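For reference, the chains in residue letters:
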Amino acid sequence: MASLKFSVALESKNPNFTIGSSQLLGQRSISAFTGGYVHITGVYLINPFSNLNRIRVSRANTAVSDDSGSNEVDSSFDCSTKEMGIAGLVLGKGLGFGKKFSKGRRNVWQRVRSVKRVRKDVYFKSTCRGNGSDYCKEQQSKPIVVDEESISGVDVDKVGALSTERCNSILKNLERTNDDSKALKFFEWMRRKGKLKQNVVAYNLALRVVGRARDWDLAEKMILEMTSESGCELNFQVFNTLIYACSKQRRVGLGAKWFRMMLENGVRPNEATFGMLMSLYQKSRNVEEGEFTFSHMRNFGVRCQSAYSSMLTIYTRLDLYDKAEKVICFLREDEVVLNRENWLVLINAYCQQGKLEEAELVLVSMQEAGFSPNIVVYNMLITGYGKVSKMEDAHRLFHNLRAIQIEPDETTYRSMIEGWGRANNYKEAQWYYKELKREGFRPNSSNMYTMINLQAKNGDEGGALTTLEDMITMGCQYSSMLGILLQAYKRYERFDKVPQVLEGSFYEHVLCDQTSCSILAEAYVKHSLVDDAVKILQNKKWKDRGFEDDLYHLLICSCKDMGHFENAIKIYTHMPKSDEKLNLHIICTMIDIYSVMKRFTEAENIYLNLKSSGIALDLITFSVVVRMYIKAGNLKGACLVLETIDKQKNIVPDIYLICDMLRVYQKCGMLDNLRDLYYKLLRSEITWDQEMYKMVINCCARALPIDELSRLFDEMLDRGFDPDTVTFNIVLHVYGRSKLFKKARQVLWMARKRGVADVISYNTLVAVYGQHKYLGNMASIAKKMQFDGFSVSLHAYNSMLDAYGKEGEMEKFRSVLQRLRESGCAADHYTYNIMINIYGEQGWIEEVAEVLMELKESGFGLDLCSYNTLIKAYGIAGMVEDALGLVKEMRKNGIEPDTRTYSNVLTALQRNDMFFEAVKWSLWMKQMGLSPNVCG
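Here the structure is a predicted model, which means the values were calculated and not measured. Along each chain, the written sequence defines residue order, and numbers are assigned to residues from 1. Local features are withheld for residues below a pLDDT of 70 in this predicted model, meaning they are given only at 70 or higher, and side-chain atom pairs are given and counted only at 80 or more; totals for whole chains, interfaces and linings count all residues. The basis for every side-chain value is the complete set of heavy atoms in the structure, and neither hydrogens nor water enter the calculation.

1. Points about the overall build of the protein
Part 1 of the argument: Comment: elements are numbered from the N terminus, with helices defined as DSSP H or I runs of at least four residues and strands as E runs of at least two. Across its full length, the protein holds 50 helices and two strands.
Part 2 of the argument: For the exposure calls, accessible area comes from a 1.4 Å probe over protein chains only, and a residue counts as buried if that area is under 20% of its type's maximum, exposed if over 50%, partly exposed in between. For the protein, buried positions account for 49% of its 936 residues.
Part 3 of the argument: For this analysis, residues touch if any pair of their heavy atoms sits within 4.5 Å. For the protein, contacts bridging at least 24 residues in sequence account for 67% of all contacts bridging at least 6.
Part 4 of the argument: Residue exposure ignores everything except the shown protein chains as possible cover, and the areas themselves are Shrake-Rupley values with a 1.4 Å probe. When the accessible surface of the protein is summed, it comes to about 45200 Å², and 49% of that surface belongs to carbon and sulfur atoms.

2. Quick look at the packing of helix α33 (residues 619–632) against helix α35 (residues 655–667)
Part 1 of the argument: In this analysis an axis means a line fitted to C-alpha atoms, helices contributing only their contacting stretch, and an angle means the value between N-to-C directions, from 0 to 180 degrees. Running from amino to carboxyl end, α33 crosses α35 at an angle of 30°, the nearest separation of the two axes being 10 Å. Regarding the angle of α33 to α35, the classification is roughly parallel. α35 is crossed by α33, and the crossing has left-handed handedness. Two secondary-structure elements touch here, α33 through L619, S623, V626, R627 and I630 and α35 through Y656, L657, D660 and V664.
Part 2 of the argument: Side-chain classes are defined by residue name, with Ala, Val, Leu, Ile, Met, Phe, Trp, Tyr, Cys and Pro counting as nonpolar, Asp, Glu, Lys and Arg as charged, and the others, Gly among them, as polar. For the contact of α33 with α35, the per-class residue count stands at six nonpolar, one polar and two charged. For classification, angles of less than 35 degrees are called roughly parallel, those exceeding 145 degrees roughly antiparallel, those between 65 and 115 degrees roughly perpendicular, and all remaining angles oblique. For any helix crossing, the convention is left-handed if the near helix is rotated counterclockwise from the far helix by under a right angle, and right-handed if that rotation is clockwise.

3. Section: the environment of N458
Part 1 of the argument: Residue position: N458 is located in helix α22 (residues 445–458).
Part 2 of the argument: The partly exposed category is assigned to N458, whose relative accessible area is 44%.
Part 3 of the argument: Linking N458 and N424, residues 34 residues apart in sequence, is a C-alpha distance of 9.7 Å.
Part 4 of the argument: A polar contact is formed between the side chain of N458 and the backbone oxygen of L454, at a distance of 2.7 Å. Two N or O atoms count as a polar contact when they lie within 3.5 Å, although within protein this holds only if one can serve as hydrogen donor and the other as acceptor, and sequence-adjacent residues are included solely when both atoms are side-chain atoms.

4. Digging into the nonpolar core
Part 1 of the argument: Nonpolar cores are built from buried Ala, Val, Leu, Ile, Met, Phe, Trp, Tyr and Cys residues. Side-chain atoms within 4.5 Å join them into one set. Of all hydrophobic cores here, the largest spans 270 residues; its most connected members are W258 and I347.
Part 2 of the argument: Broken down by element, the residue count for this core peaks at nine residues, all from helix α8 (residues 200–213).
Part 3 of the argument: Setting aside anything within four residues of it in sequence, one finds W258 in contact with W216, A219, E220, I223, F239, L242, I243 and C246.

5. Thoughts on unusual backbone geometry
Part 1 of the argument: Positive phi, close to 55°, is recorded for Q198, a residue that is not glycine.
Part 2 of the argument: Looking at the secondary structure, you find Q198 in the loop between α7 (180–192) and α8.
Part 3 of the argument: Despite not being glycine, K739 has its phi angle at roughly 60°, a positive value.
Part 4 of the argument: Residue classification places K739 among the exposed residues on the basis of a relative accessible area of 51%.

6. Focus: the confidence of the model for the protein
Note that predicted coordinates carrying low pLDDT should not be read in detail.
Part 1 of the argument: One confidence number per residue, pLDDT, is output by the predictor and ranges from 0 to 100. Of all residues in the protein, 82% have pLDDT values of 70 or greater, and the mean over the chain is 80.
Part 2 of the argument: Confidence drops under a pLDDT of 50 for residues 1–157, and excluding neighbours within four residues, the segment shows 340 contacts in the predicted structure.

7. Quick word on the pattern of salt bridges
Part 1 of the argument: Salt bridge, as used here: a side-chain nitrogen of Lys or Arg that lies within 4 Å of a carboxyl oxygen of Asp or Glu. One pass over the full model with this rule turns up 44 salt bridges.
Part 2 of the argument: A salt bridge links K355 to E325, with the nearest nitrogen and oxygen atoms 3.0 Å apart. Linking K355 in the loop between α16 (340–352) and α17 (356–368) with E325 in helix α15 (residues 321–333), this pair joins segments that are 30 residues apart in sequence.
Part 3 of the argument: Given the relative accessible area of 30%, K355 is considered partly exposed.
Part 4 of the argument: Note that E461 is salt-bridged to R494, the shortest N-O span being 2.8 Å. Remark: R494 occurs in the loop between α24 (478–491) and α25 (498–501) and E461 occurs in helix α23 (residues 461–473); sequence separation between them is 33 residues.
Part 5 of the argument: We classify R494 as buried; its relative accessible area is 18%.

8. Re the environment of L520
Part 1 of the argument: Note on placement: L520 falls in helix α27 (residues 514–526).
Part 2 of the argument: Look at L520 and you get buried, because its relative accessible area is 0%.
Part 3 of the argument: Measuring from C-alpha to C-alpha, the distance between L520 and V498 comes to 9.8 Å, with 22 residues separating the pair along the chain.
Part 4 of the argument: If near-sequence neighbours (up to four positions away) are discounted, L520 is found in contact with L482, L486, V498, L502, V510 and I536.

9. A few points about the packing of aromatic side chains
Part 1 of the argument: Stacked, tilted and edge-to-face pairs are distinguished by plane angle, under 30 degrees for stacked and over 60 for edge-to-face with tilted covering the rest, among Phe, Tyr and Trp rings (Trp via its six-membered ring) whose centres lie within 6.5 Å. In total, this model carries 26 aromatic pairs according to the counting rule given.
Part 2 of the argument: Ring geometry for F495 versus Y524: centroids 6.2 Å apart, planes at 85°, classification edge-to-face. Note that F495 is positioned in the loop between α24 and α25 and Y524 in helix α27, a separation of 29 residues in sequence.
Part 3 of the argument: Here Y524 falls in the buried class, since its relative accessible area comes to 3%.
Part 4 of the argument: A cation over an aromatic ring shows up here: R260 above the ring of F292, its NZ or CZ 4.1 Å from the ring centre. Geometrically, a lysine NZ or arginine CZ counts as sitting over a ring once it is within 6 Å of the ring centre and also within 35 degrees of the ring normal.

10. Examining the side chain of S518
Part 1 of the argument: By the element assignment, S518 lies in helix α27.
Part 2 of the argument: Among the residues examined, S518 registers a relative accessible area of 14% and is labelled buried.
Part 3 of the argument: Discounting residues that sit within four places of it in the chain, S518 has contacts with F547 and L551.

11. A short note on α17
Part 1 of the argument: Taking 1.5 Å of rise per residue, 13 residues should cover 18 Å, and α17 covers 19 Å from first to last C-alpha, within 8% of that figure.
Part 2 of the argument: Within the sequence span of α17, burial applies to L356, A359, E360, L361, V362, L363, V364, S365 and M366.
Part 3 of the argument: Downstream of α17 by a residue or two, G370 has a phi angle that is positive, lying close to 100°. Between the first and last residue of a helix there are one fewer steps than residues, each counted as 1.5 Å, and that sum is the expected span.

12. Some words on the environment of L346
Part 1 of the argument: Its location among the elements puts L346 in helix α16.
Part 2 of the argument: Residue L346 is classed as buried on the basis of its relative accessible area, which comes to 0%.
Part 3 of the argument: Once the C-alpha coordinates of L346 and E325 are considered, the two residues, 21 residues apart in sequence, prove to be 9.6 Å apart.

13. Section: helix α44 (residues 810–823)
Part 1 of the argument: Taking 1.5 Å of rise per residue, the 14 residues of α44 would be expected to cover 20 Å, and the 20 Å separating its terminal C-alpha atoms lies within 8% of that figure.
Part 2 of the argument: The set of residues buried in α44 consists of M810, F813, V816, L817 and L820. All buried residues of α44 lie within an arc of 120° about the axis, which places them on one face of the element. Those residues of α44 that are exposed and angled more than 90 degrees off the buried face are E811 and E822.
Part 3 of the argument: Close packing links the buried residues of α44 with α43 (794–806) and α45 (829–842).
Part 4 of the argument: Phi for G824, located one or two positions after α44, is positive at around 85°. Along the arc lie the directions from the helix axis toward the C-beta atoms.

14. Some points on the packing of helix α9 (residues 216–228) against helix α11 (residues 252–264)
Part 1 of the argument: Across the interface, α9 lies against α11 with an axial gap of 13 Å and an inter-helix angle of 10°. Taken as axis vectors, α9 and α11 run roughly parallel relative to one another. Across from W216, A219, E220 and I223 in α9, the residues of α11 making contact are L254, K257, W258 and M261.
Part 2 of the argument: Classifying every residue of the contact of α9 with α11 gives six nonpolar, no polar and two charged.

Structure below.
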């Protein structure tokens, strides 16, 4: 419950009673009456044990007194007698601070009032003597209404004869009519006629009007005018008027401003000042301003009871219990006479902290002070016991109430329900819930929330349905009720029981309300109750195609995010069929789901159906379809989609689609498309980041001129972006292929320095040096590779074998081959093919036979390249028949000969002077569409 807000002011039966440490924290205890905490605002309470009148539990009103008819305005303020309220005290002069009055004693200021009235009567009597008795009666009975027009028609001498008191009376009547414009006009007339000199009352009345109109700048000007022009002495009445207006409007900052101005002008605040300010800070929970004002109150020696209560309440609401304890100590130190509000706030503070024993002692002291406890006190104690889970004490306290002739009220039952709910005692909570309704009271939202949770935990679906009906009777929103129910069954992992609870009128409303329907359907989907979700969507009573599509899309996306792809497909297949425009968001999501499940046929069918429907596809749809074809490995299909996009002039590819286009064109070897896309990208307004540079370099390296690639790579470095290993290796390969070995070595050095060089970096450089016959550099890089901690890879060995072999340096060839075998690296197909090719070029047919045997024993078998190389070797060795036999063996083993195969056969025949056979092969190749001019 929220914090306690009491502003009850009753005279103590013992007006001289003050709180002391022995009374607050004595060793006595009332075990039957212990503490709690309750929030009551604006509730009338009747105490059955006293003769006191009915009291209102709320903050005291702080209306400005209407008794301000003279310059010497009278009032008295005592925070212990708030039944009068602060209203009659704002303009009053204090009687001193801390004084108390006995009942029945006449107030001396009432005698002052009577004297003033006599003076006023004397004035009127003297006027009557000069004008006759009839004139006097007429003037006394006729109301005076003065405005600018009426004033202008009056004789200046007669108007000037009006006394200041009479003008103040007129201004007071105008202020009471709430006609602010006339009041301010008359006030302005008084200024022109010099009626404001030392006239604090007139300024005070005008400040009421200005405060009501919230013209704070004018109010500040009036205060300055009072001291600088009118010769008025500022007092607390002036500032109390403005503070009262701020208090009514809850203007915390302005209230604090007037208080500080009050202090700056040396004006001593009275009890009403502190009472209004502390009440304002309590409502806004402004602890900083509250502490500032409270400190000044104690420094001035003012004892405002409501201010202590407000400060204590602020600390309690903000859980600043240590500071609350200090305020309690101040009550003792300052010997404040406690009223009922103070006692209640003290008990509340201890109950909030769970200090029930201290709360009991305060209750004993309260009774000794002459204040009989009422149901409010016991509600606080019961709630306090519930918060600390001492429900046996709360239960005993509840059943002892009637013994002391106090009837439980609505709050009592509510507190008991909440307490038993915290204790997870469904049986007791249910009993008090039924008693609450039997007594004619209504449960609050917290009670029903507690009951729903207990019923969900204890499996009482029937009880939950009854509670829902009570919530409907209370006028709760259906969406809120549904949320509470779903949350409760989710918390106790019994969500599968929700369909059993949602029956009857409540379920019918869910079907009629879009919000409730979507909440329930989404909850069912999240808990894998897809069939129930589909049932709701099929039985719904509302029609809104746009909202329905959004709901289906939300449910499908929820299934996708949870990885429940089959559930997403089930929801999609149960969507209502319509001839209306297809929802592209749903289509894209389903294509993506089918792609993740590798069901590319279904994904493509959705796309083809969408394409045939004639609906214009947007950028997102095209992007999803391209990504689907890439995942499926169908690069041809992706290219067709990209061609369609290129024809759509209204579609501008975004950064994500551009990246997909680069990948597709690279994998398809479409260098022209890559080049065109690159230059379009340069002209676009897309901001290039690090990833963009890497993507373009990786994909477009073979398509761009070497100068442009070099410029792009340097630009990337100049902008402070870091290439990754792949980018470095690609640039290495391009520089090496272009014989820019100096730049290649610089790139390798940068990669090493940045720590991103890998085996492939060295392999790349070894390969390009070997391909261009820079054998010394090749060997140097291989040694550098080992020096930098990398083992020479199989790829490097293969590159060196190929380079040395083709240059005829067979000793180095054998040395590399020996190092390969010693390194433990297993030879691959490429290694064996190199050896067959080199040995064949040398005409070493025996070595070729050994390699062939080793290849077969390794389990690899011959591939297309092996057959082509072997045919070439046999041709060089003059073994034409064996070469022709290999062609038959290839076909037998399911390997289809390619153009190079036939070219090698043709070359072998020509080399061995078998021209007739060569012509036959050449004619056959022409018939088969193969070029006989291609030779290996």
